[in-house]
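Coordinate analysis (summary)
Chain by chain, the residues run as shown.
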Amino acid sequence: AAMQFGVCLTYLIFVPQNLVECTRVITGGINVPFYVFLIAMVMIEIPLSWIRDIRKLTPTNVLATLLIAYGLVSCLAIALFWRGDQESYEDSANLIEKISNLKPLNDTWYLFIGTS
């Protein structure tokens with residue numbers, strides 16, 4: 001129970017913070033307070049938690065799965081094809097080589113994957 005509480009608490013901290021940062025970047029500097037996103041999330045999640053028949057959550061689950069897939073594909077596409085300050089991947093012959101040539105952000109990113 002403590003582990004689940006920690007995951008939920010982390011979710012309620014990091015998601016609104018990410019939404020604040022995304023809003024600031026996308027809108028060109030409009031600063032929406034943290035608590036606005038937190039209250040909006042709670043207003044959506046509390047009624048969803050009142051649903052007793054789990055089959056009624058199927059559309060929500062499908063939407064979540066599609067959004068997760070979009071996020072993963074976006075991250076992979078940015079990592080493989082973005083030509084910013086990173087070194088070029090032109091020499092790689094195929095997708096597997098491109099993926100294996102990706103450099104980690106730092107030495108502790110493997111720990112992050114293990115905790116999610």
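Scoring rules and cut-offs
- Note that residues are indexed from 1 along each chain, following the sequence as it is written.
- Thresholds applied to this predicted model are a pLDDT of at least 70 for local features of residues and 80 or more for the giving and counting of side-chain atom pairs; totals over whole chains, interfaces and linings are not thresholded and use all residues.
- Computation of side-chain values: all heavy atoms of the structure, hydrogens and water removed.
- Only DSSP runs of H or I reaching four residues or more are called helices, and only runs of E reaching two or more are called strands; each is numbered from the N terminus.
- Note on exposure labels: buried denotes an accessible area under 20% of the residue type's maximum, exposed denotes more than 50%, and partly exposed covers the range between, all computed with a 1.4 Å probe on protein chains only.
- Each accessible area is a Shrake-Rupley estimate made with a 1.4 Å probe; only the visible protein chains count as cover when residues are assessed.
- For every residue, the predictor states its confidence as a pLDDT score lying anywhere from 0 to 100.
- Patch construction takes residues with relative accessible area above 30% that form no salt bridge. Like charges are linked within 9 Å, and nonpolar side chains (Val, Leu, Ile, Met, Phe, Trp, Tyr) are linked within 5 Å.
- The salt bridge definition used is simple: a Lys or Arg side-chain nitrogen within 4 Å of an Asp or Glu carboxyl oxygen.
- Note on contacts: a residue pair qualifies if any of its non-hydrogen atoms lie within 4.5 Å across the two residues.
- To obtain an axis, a line is fitted to C-alpha atoms, over the contacting stretch when the element is a helix, and the angle between two such axes runs from 0 to 180 degrees between their N-to-C directions.
- Throughout this description, any angle smaller than 35 degrees is read as roughly parallel, any larger than 145 degrees as roughly antiparallel, any in the 65 to 115 degree range as roughly perpendicular, and the remainder as oblique.
- By convention the crossing between two helices is left-handed if the near helix lies anticlockwise of the far one by an angle smaller than a right angle, and right-handed if it lies clockwise.
- As a working rule, the residues Ala, Val, Leu, Ile, Met, Phe, Trp, Tyr, Cys and Pro are called nonpolar, Asp, Glu, Lys and Arg charged, and the rest polar, with Gly in that last group.

Secondary structure assignment for the chain yields 5 helices and 0 strands. N-terminal to C-terminal, the α/β element order of the chain is α-α-α-α-α. The proportion of buried residues among the 116 residues of the chain is 9%. As displayed, the chain has an accessible area near 10000 Å², and 70% of this comes from carbon and sulfur atoms.

Note: predicted coordinates in regions of low pLDDT should not be interpreted at a detailed level. Of the residues in the chain, 71% have a pLDDT of 70 or more, and the chain-wide mean is 79. Mean pLDDT across the secondary structure elements of the chain bottoms out at helix α5 (residues 109-115), with 53, and peaks at helix α2 (residues 34-49), with 91.

For the rest of this paragraph, the subject is a nonpolar patch on the surface. On the surface, F34, Y35, V36, I39 and M43 cluster together into a nonpolar patch covering about 500 Å² of accessible area. Examined against the element boundaries, I39 turns out to sit in helix α2.

Our focus in this paragraph is the side chain of T23. Turning to its location among the elements, T23 is positioned in helix α1 (residues 2-27). In contact with T23, not counting residues within four places along its chain, are G28, I30, V32 and F37.

Quick look at the packing of α1 against α2 now. As a packed pair, α1 and α2 sit with axes 9 Å apart at the nearest point and diverge in direction by 125°. By the angle between their axes, α1 is oblique relative to α2. The chirality of how α1 crosses α2 is right-handed. Mapping the contact onto sequence places Y11, L12, I13, V15, P16, Q17, L19, V20 and T23 in α1 and F34, F37, L38, M41 and E45 in α2. Looking at side-chain class alone, the contact of α1 with α2 contains 11 nonpolar, 2 polar and 1 charged residues.

It is worth spelling out the pattern of salt bridges at this point. Summed over all chains, the structure comprises 2 salt bridges. E21 is the partner of R24 in a salt bridge, and the nearest nitrogen-oxygen pair spans 3.0 Å. Linking R24 with E21, this pair stays in helix α1, spanning 3 residues, or about one helical turn. The salt bridge partner of R55 is D53, with a shortest N-O separation of 3.2 Å.

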